[in-house]
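# Structural overview
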Amino acid sequence: MNLHEKYIKRCIQLAKNGLGATYPNPMVGCVIVYNETIIGEGWHKKAGEPHAEVNAINSVKDKSLLKKATIYVSLEPCSHYGKTPPCANLIVESGIKKAVIGIIDSNSKVSGRGVLHLQQNGCDVIVGVLQNECYNLNKRFFTFHKLKRPFIVLKWAETNDGFIDKNRSEPADISPNWISNQYSQQYVHKMRADEQAIFVGTKTALNDNPSLTVRSWEGENPVRVVLDRKLKIPVSYNLYDGSVKTIILNEVKNDKDLTKKLFFEKIDFSKNVPTQVCEVLYKYEIQSVIVEGGAQTLQSFINANLWDEAFVFVGAINFKKGIKAPELQKVSSEIRKISNDTLFIYKNK
């Protein structure tokens, strides 16, 4: 690993501190180096607050060193006025004459313009250091801007004998049939805190009456998105409790109740539903979503090839009969043991 890679790797480490808090902005880390010594570093902590470059430059105690220093940043510095001034301008004004950038920003407001501004103002710029790692850091951001849809994570738990749920005989049986252990359940809550939205179908909502919130982990609750064609879910259920912004996809009405944070979006159920889900989430500027629905909902996203990662928790129990788990014709990229559960992670390349 050369020096440029070493410092960009540090930028990536710093940037990860902002996971789940920077939406709609990307995660960015920055270090400033003089004589092979880091004299300043920072990351973007939250949307609307100073960017990584600002925090890094402000952390340098002896500002006279900036003219001889190199700035490293995991993502191209912004060049437009948003909630904060352009970072490319700040770098120039600080007298920094050399910049090393992990990857170009895919946002059309920035893409290439930040680099151009630096070059036009006498800054020597190197681009494309640990580019794959920098892409993976902001896979949600890049997917949203390039594909015009959120980054989609499928998640389900299945038994050792391949069932996702028992057959529910009584409508009043409103409780989850737990398959995974408490540590896997905590891991799922961490996943919820990391993503911007969570999506379920009607059957899951009716069977489990879920809250879809972060309880076993610290973090923001994701936006709840539910598919409810005929608006069958009772308003007494947790999804209607007004605690979290909730989008209800249906064929009955377009409406909103801001006091209860409810948004009704009408879609055409005779057409490709997963595609329309993506279109609605893109409209709401949601960059990532966990699909936690039942077998039918999950399989619809698999069949439409609308997914980026899948997390399948296999519990150490058997149901012998019930609802079969979704079928995913892929080889897992990673396998982890979580106590007596096994987590299979898939990536859709």
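About the cut-offs
- Residues numbered from 1 in each chain as written.
- Predicted model: local features only at pLDDT ≥ 70, side-chain atom pairs only at ≥ 80, totals over all residues.
- Heavy atoms only, no water.
- Helix = DSSP H or I, 4+ residues; strand = E, 2+ residues; numbered from the N terminus.
- Rg over C-alpha atoms; globule rule 2.2 N^0.38 Å.
- Buried < 20%, exposed > 50% of the residue type's maximum accessible area, 1.4 Å probe, protein only.
- Contact = heavy atoms within 4.5 Å.
- Areas by Shrake-Rupley, 256 points an atom, 1.4 Å probe, with all protein chains shown as cover.
- Lys, Arg positive; Asp, Glu negative; His and termini not counted.
- Charge placed at Lys NZ, Arg CZ, Asp CG, Glu CD.
- UniProt positions renumbered as here; feature names shortened; annotations may be inferred.
- Disulfide = S-S within 2.5 Å.
- Domains from an automatic or database assignment.
- Buried area = accessible area lost by both parts, 1.4 Å probe.
- Salt bridge = Lys/Arg side-chain N within 4 Å of Asp/Glu carboxyl O.
- Polar contact = N/O pair within 3.5 Å; in protein donor to acceptor, adjacent residues only side chain to side chain.
- Nonpolar A, V, L, I, M, F, W, Y, C, P; charged D, E, K, R; others polar.
- Pairing = 2+ DSSP bridges.

## Focus: the overall build of the protein
- Tallying secondary structure elements over the protein gives ten helices and 17 strands in all.
- The C-alpha radius of gyration of the protein comes to 23 Å, within 12% of the 20 Å expected for a compact globule of 349 residues.
- When the backbone C-alpha atoms are referred to their principal axes, the protein occupies close to 75 × 45 × 30 Å.
- Here the protein holds 349 residues, and 52% of them are scored as buried.
- Partitioning the intrachain contacts of the protein with sequence separation of at least 6 by distance along the chain shows that 67% fall at a separation of at least 24.
- Surface summary for the protein: the accessible area is close to 17,000 Å², and the carbon and sulfur share equals 48%.
- Distance between charge centroids for the protein: 1 Å, based on 47 positive and 36 negative side chains.

## Overview of unusual backbone geometry
- Going from Tyr 23 to Pro 24, the amide bond is cis rather than trans, its omega being 5°.
- Notably, Leu 130 is not glycine yet its phi reads approximately 50°, a positive angle.
- Following the sequence through the fold, Leu 130 ends up in the loop between strand S5 (124-127) and helix H5 (131-137).
- Overall, Leu 130 belongs to the buried group, its relative accessible area being 16%.

## Considerations on the UniProt feature "binding site: NADP(+)" (unreviewed entry) in the protein
- The UniProt record annotates "binding site: NADP(+)" (unreviewed entry) at Ala 157, Trp 178, Thr 204, Asp 208, Gly 294, Ala 295, Gln 296, Thr 297, Leu 298, Gln 299 and Ser 300. In terms of the greatest pairwise C-alpha distance, the residues named above, spread along 144 residues, do not form a single cluster, extending to 22.9 Å across.
- Inspection of the secondary structure assignment puts Asp 208 in helix H8 (residues 202-208).
- What makes Asp 208 partly exposed here is its relative accessible area of 21%.
- Not counting residues within four places of it along the chain, the set of residues in contact with Thr 297 comprises Phe 199, Gly 201 and Val 291.

## So, the state of the cysteines
- Throughout the structure, instances matching the rule amount to zero disulfides.
- With no disulfide of its own, Cys 30 lies closest to Cys 11 among cysteine sulfurs, the gap being 5.8 Å.
- The closest cysteine sulfur to the non-disulfide-bonded Cys 87 is located on Cys 78, 3.8 Å from its own sulfur.

## Comments concerning the domain arrangement of the protein
- We note that the domain assignment places domain 1 (3-141) and domain 2 (148-347) within the protein.
- On a C-alpha basis, the centres of domain 1 and domain 2 stand 35 Å from each other.
- Taken together, the contact between domain 1 and domain 2 spans seven residues of the former and nine residues of the latter.
- The contact between domain 1 and domain 2 buries some 820 Å² in all, and 47% of this surface belongs to carbon and sulfur atoms.
- Broken down residue by residue, the surface that domain 1 buries against domain 2 is led by Tyr 23, Lys 139 and Arg 140, which jointly contribute 63%.
- Counting the contacts that link domain 1 with domain 2 gives two salt bridges.
- Connecting domain 1 to domain 2 are five residue pairs in polar contact (both at pLDDT 80 or more).
- For the side of domain 1 that touches domain 2, the class distribution of residues is four nonpolar, one polar and two charged.

## Side note on the pairing of strand S9 (residues 223-227)
- For S9, a buried count of five out of five residues is recorded, marking the element as mostly surrounded by other parts of the structure.
- Neither face of S9 is exposed, since Val 223, Val 225 and Leu 227 on one face and Arg 224 and Val 226 on the opposite face are all buried.
- With four bridges joining them, strand S8 (residues 197-200) and S9 adopt parallel strand pairing. Of the residues in S9, the one forming a bridge with Phe 199 is Val 225.
- Pairing of S9 with strand S10 (residues 246-250) involves four bridges; the strand directions are parallel. Residue pairing for S10: Val 226 is matched across the bridge by Ile 248.

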